Amino acid sequence: MPSIEQATMAPHLGDQVDPEIETVCQSLQKSYNLSPSDLFYKIESYRLELAGKDDISTVPVTKQLLDDLRQEFQAQLERKQLKQRAVNAGSAQIGSSPSQGVTPAKRRLPGSALTPTPLKSSPFSDKNGTFATRTDAGKVLETLNGEIEIDKADDASPEKAKITAFMDIKKYHYRTMRQLLLETSEYLDERIERFADLVQEHLAEEVRKNDNPDEVLVTAAERLSNPAAITHEDVIVVGRVVSDSVHAADSSKINETSVLLETSRRMGSGARVPFKLSLEPQAEAKRPTWFSLFPGQIVALRGCNPSGSMFIVREVLSLPELPCPVSPLRTLRQTASHPTRMIIAKGPFTTQDDIAFAPLTELIDQCISAKADVVVLLGPFIDTTHPCLIDPGALPYAGLNTLEDLFRTTIAAELRRLESALANVQTFLVPESSEREAVQRHVSFPTPPVADAKKTLGMPKRSKWLCNPAFVAVNSSVLAITNVDILMQLSKVEYLHRVGSSDTFERNILARGVRNLLQQRSLYPVFPGQPDVPLEISYLGLAEMNLTRPDILIVPSDQRYFAKVVDNVVAINPGALTKLRAAGTYAVVDVAPLEDTKKPVSESEEAENELIFHKVWERCRVDIRKI
């Protein structure tokens, strides 16, 4: 059989193929039973994913790329093995499902930590690309605003970062598994009505500013129309995008012919109307030349329904944008006059071949050496799908009775070490809203903080659990944090309609996903949700951004790590700290002082109370580093 380069890749790599690459390709074919054409398609798909909005030629086929692809193949294979092992293992004390309940240990552990015993040989051991054998630890893989330089060694400020919460924690402690149809329908209906009010206010403002306003805008500013009613002239309507499928498994998949517009009870009695996109390129530069549709999206459309059975869309109106955060100059002098360093990491925090949490230990070492002010850790912390939990005999610790014991012995011990090394550091933990999160019994989204964590998990004083999602301010930076892979879900259900030339077409799916979150003012705008996310629909208002857009949006995803500025918001996906046996990535965020705070203090009360934009997107540096 000819090599893959000779058969399929030579036209892409050139006539002179590196023998080392050819050898690796042949090894992949033999290891995973792939034909040359199948392997070529998988390589090209992986290159497209890495390239993002850039041309695929910017991602050459190298040995490192093929090694990363080998890890992806191995991950898929091991997921199948894990599922089979979980079925065969049956019920085990420490490997029990979170739904069965985990009783916290009532006795104290002897000493501050347990002594690890040698691990058994693991079926996941691999000599190549493991965490222990990595050679590029600390390598900067991506940088945002690299011109900003902050040296924490020169910062002698002993003050702790000021933390302000923008959510009511009590609202997250609701009863699960009791969704009422009436409450769910009321929330979905109210969401359409809120956007309808916003659109009307925005149109009324445009009418006031225009000397010769469009009659359609004038009418819509007073009253929005029902898309199901017969209209021969253009009207403006607001509704939710849904699929015409009656099957739950297909209700999140839409295309141009299966899309419906759902109205509110007030505007259209909740009717669902088919609509057709008949868009034309707009002369105004502000109008987008592409349009993204996904189930649950709230849209404002201009068009007509001449037959009463199909709404013809002439134009997709831009929804009113959230304002950027502002604060009085007096307040910013206290919170934005010193640099702030945050380190953000997403679990799992240990590799699949052991449960010693060596990557977490390395991360804490990096936090100490970097003199972090705030550390944000995103679950899962104790992963119920970990092979060592499925097989308790593989645990390197003796005397563990519960998963809380494991957390206290490993993760809590590292947090105590961090606090003993840095006097002012503050750590925030955000649970994952899934059954993988062993220490959180409340797995529905939105998710409250872990209850009674200090007692059951041995949490140190300056380490706090946050809800998921969470909205907090760290000094002068407003953070919105979610621990649901919403970007991956959006990419699965999104339908993209392009208008005009491709020069201004937004190809980057990650930036497009972030922009959709901001435009929809929600960290989970998809409806219906994906099967792996247990949604409490009537409480999804807790995931909405109501007053301002955040300065920094933390959206962890299984997609490629990134740090981007989207609509004046710094969006960060730190990547996972571990990838099966291999090392992953984390993010280091440096926020420089605001220039306005360097002005002399004014004696004028009005000048000191002047509202100033935070402008974090201009003074924030983000480094994505290899652990």
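Parameters and conventions
Residues numbered from 1 in each chain as written. Predicted model: local features only at pLDDT ≥ 70, side-chain atom pairs only at ≥ 80, totals over all residues. Heavy atoms only, no water. Helix = DSSP H or I, 4+ residues; strand = E, 2+ residues; numbered from the N terminus. Expected span 1.5 Å × (residues − 1). Buried < 20%, exposed > 50% of the residue type's maximum accessible area, 1.4 Å probe, protein only. Phe/Tyr/Trp six-rings, centres within 6.5 Å; stacked < 30°, edge-to-face > 60°. Lys NZ or Arg CZ within 6 Å of the ring centre and 35° of its normal. Pairing = 2+ DSSP bridges. Right-handed = clockwise from strand over helix to strand, strands pointing away. Axes fitted to C-alpha atoms, helices over the stretch in contact; angles between N-to-C directions. Contact = heavy atoms within 4.5 Å. Parallel < 35°, antiparallel > 145°, perpendicular 65-115°, else oblique. Nonpolar A, V, L, I, M, F, W, Y, C, P; charged D, E, K, R; others polar.

By the naming in an unreviewed UniProt entry, the protein is DNA polymerase alpha/epsilon subunit B-domain-containing protein, taken from Lipomyces kononenkoae.

(A) Spatial organisation of helix H2 (residues 19-32). End to end, H2 covers 20 Å across 14 residues, agreeing with the expected 20 Å (1.5 Å per residue, within 8%). Just downstream of H2, Asn33 is the residue with a positive phi angle, here 55°.

(B) Just unusual backbone geometry, in detail. Residue Pro469 is bonded to the preceding Asn468 through a cis peptide linkage, with omega at 5°. With respect to the helices, strands and loops of the structure, Pro469 is situated in the loop between strand E13 (463-465) and strand E14 (470-474). Positive phi, close to 60°, is recorded for Phe357, a residue that is not glycine. The exposure class assigned to Phe357 is buried, which follows from its relative accessible area of 2%. With a phi angle near 60°, Arg521 is a residue other than glycine that sits in the positive phi range. Among the secondary structure elements, Arg521 is positioned in the loop between helix H15 (509-520) and strand E17 (552-554).

(C) Broad picture of the packing of aromatic side chains. Taken as a whole and judged by the stated rule, the model has seven aromatic pairs. Geometrically, the ring pair formed by Phe349 and Phe381 is stacked, given 5.4 Å between the ring centres and 15° between the ring planes. Of this pair, Phe349 sits in the loop between strand E10 (340-346) and helix H9 (358-370) while Phe381 is found in the loop between strand E11 (374-378) and helix H10 (387-390), placing the two residues 32 residues apart along the sequence. Each member of the pair, Phe349 together with Phe381, is buried. Judged by centre distance (5.1 Å) and plane angle (75°), the rings of Phe381 and Trp465 are edge-to-face. Remark: Trp465 occurs in strand E13 and Phe381 occurs in the loop between E11 and H10; sequence separation between them is 84 residues. With a relative accessible area of 3%, Phe381 lands in the buried category. An aromatic cluster of at least three residues, connected via ring pairs, comprises Phe349, Phe381, Phe407 and Trp465. The aromatic ring of Phe131 is capped on one face by Arg134, whose charged end is 3.9 Å from the ring centroid.

(D) Fine view of the pairing of E10. Burial within E10 is extensive, with seven of its seven residues counted as buried. Here E10 shows two buried faces, one formed by Thr340, Met342, Ile344 and Lys346 and the other by Arg341, Ile343 and Ala345. Summarising the sheet, E10 and E11 pair through five bridges and their orientation is parallel. Pairing of Ala345 across the sheet is with Leu377, part of E11. Following the backbone out of E10, through H9 and into the adjacent parallel E11, one traces a crossover that is right-handed.

(E) Representation of the environment of Asn609 in the model. When you line up the elements, Asn609 lands in the loop between helix H16 (605-608) and strand E23 (611-613). Owing to a relative accessible area of 36%, Asn609 belongs among the partly exposed residues under this scheme. Expressed as a C-alpha distance, the spacing of Asn609 and Leu329, which sit 280 residues apart in the sequence, is 5.7 Å.

(F) Examining the sheet that holds strand E19 (residues 569-573) more closely. Within the open sheet, the six strands sit side by side as E2-E14-E15-E17-E19-E18. Their pairing is mixed. Each edge of the sheet is formed by a strand with only one pairing partner; in this case those strands are strand E2 (163-165) and strand E18 (562-566). Ignoring which end each strand starts from, the neighbouring axes of this sheet average 25° apart. Here H15 sits on the sheet and contacts E17, E18 and E19; the angle it forms with E18, its principal contact strand, is near 50°.

(G) Region of the structure containing the packing of helix H14 (residues 486-493) against H15. The geometry of H14 relative to H15 is characterised by a closest axis approach of 10 Å and an angle of 100° between their N-to-C directions. One finds that H14 runs roughly perpendicular with respect to H15. In contact with Ile486, Leu487, Leu490 and Ser491 of H14, H15 contributes Ile509, Leu510, Gly513, Val514, Asn516 and Leu517. Here the residues of the contact of H14 with H15 sort into seven nonpolar, three polar and no charged.

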